[in-house]
Amino acid sequence: MKIAYSPCPNDTFVFHAWAHGLIPGAPELDISYADIDVTNYWAAGEDPRSHDILKISYAALPWVLEKYALLPCGGALGRGCGPLVLTSGRESAAAEPSQLSGRRVAVPSERSTAYLLFRLWAAQQIPGGLGEIVVMPFHEIMPAVRDGHVDAGLVIHEARFTYPSYGLQLMTDLGSWWEQDTGLPIPLGAIIARRSLDLTRITSWIHASVEQAWNDPLASQEYVMQHAQEMDPDVAKSHIQLYVNAYTKDLGQDGHAAVAALLQRAAAEGLVPPVAPELLQFPDGN
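Now for a description of the structure that goes with this document. (Residues numbered from 1 in each chain as written. Predicted model: local features only at pLDDT ≥ 70, side-chain atom pairs only at ≥ 80, totals over all residues. Heavy atoms only, no water.)

**Digging into the packing of aromatic side chains**
Piece 1. Evaluation of the coordinates by the stated rule reveals five aromatic pairs.
Piece 2. Among the aromatic residues, ring-to-ring pairing joins Tyr 5, Phe 15 and Tyr 33 into one connected group.
Piece 3. For Arg 111, the ring lying beneath its charged end belongs to Trp 63, and the centroid distance is 4.1 Å. (Phe/Tyr/Trp six-rings, centres within 6.5 Å; stacked < 30°, edge-to-face > 60°. Lys NZ or Arg CZ within 6 Å of the ring centre and 35° of its normal.)

Shown next, in the form of C-alpha cells:
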C-alpha cells in the first residue's frame, strides 16, 4: 500500500509501527517522505505515484474530497499548537498587527492550514490589508525575517521552540487566536485515503500504530531521529508531545466541528471552494 507523509517527528512517530511491519494483518507500506506542501498537490491530482494514503493539510481538503475520504485518526489537531506570526523586532511598532498593512510576509505555502488561519486572522486584525505574500521553503523563513528580506513570517512546527535563537519576536500565536475566537481545537494535518479502499480496516491499522507508539515511545526513537533533519532530540520530543494527542487517535465531535468551521470560514473569505458537509463524514456514517 502506497503512503505519503512528512519526515516530521509526529508523522514518523505515529506510523513507525505500521511502517516496520508491527501491525498484525496490515499490508506492507511503500512510503514516500515529502513536505506537506508536496503531498497537498499530490492528493489534488498531481501525484506521479498514485498514493493510497496521504498526510495533507486540512486546508487542502476542498480539492481532494471527491477522490479521498478524511480518516478520523492519525492526523495533527489540538490546542496550544498553532502557527506563529514572527517579526524581527527592529521596530517596536511592528509588534502591532496593524503595522503589517501593506507589508511583505513570508509563508511556507498558500494551500496550508497555517495560511488559512493567517488570512482569517489578517482579515480581522489588518484593516488595510496585507501587502505581498512571499512563498518560500519553511527553513528559509526565519532567516529571511531576521535579515530584513520580509517584514514578518508565518512559521509552524518546531519553530515554536527555536524562533528566539534567530532573535525574532512573536507577533501573534494563531492557535491561541483561533481557540479564543471559536472555542475549538486547531485542525492542522489530515490523513486521507482513497474512497475505493477498505477505509475501516485502514483506520484500524492507523489506530493500532498510534497505540503502539504511545505504549512504547522509545521503539520509534531511532526512526524519528533518522528523518528529523538534524533536529535536536529534545525539540523532536517536544514536537511529538505537542502534535500527537487524543485527536490523533480519534477526531471526535470537537475535531470534526473544528475542521468544518475552518473550511466554512475560509470559503466565506473566498480562500477555498465550498465543501459539502457530507464529504467530511467518514463513509460508514460515524
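**A word on the pattern of salt bridges**
When charged atoms on two side chains of opposite charge get close, those side chains can pair.
Piece 1. According to the stated counting rule, one finds seven salt bridges in the structure shown.
Piece 2. Glu 179 is the partner of Arg 79 in a salt bridge, and the nearest nitrogen-oxygen pair spans 3.8 Å. Note that Arg 79 is positioned in the loop between strand E5 (76–78) and strand E6 (84–87) and Glu 179 in helix H6 (residues 174–182), a separation of 100 residues in sequence.
Piece 3. The partner of Asp 181 in a salt bridge is Arg 265, and the shortest N-O contact between them spans 2.6 Å. Residue Asp 181 is found in helix H6, and its partner Arg 265 is found in helix H11 (residues 252–268); the two are separated by 84 residues along the sequence.
Piece 4. By relative accessible area, which is 33% here, Asp 181 ends up partly exposed.
Piece 5. Given a relative accessible area of 30%, Arg 265 falls into the partly exposed group. (Salt bridge = Lys/Arg side-chain N within 4 Å of Asp/Glu carboxyl O. Helix = DSSP H or I, 4+ residues; strand = E, 2+ residues; numbered from the N terminus. Buried < 20%, exposed > 50% of the residue type's maximum accessible area, 1.4 Å probe, protein only.)

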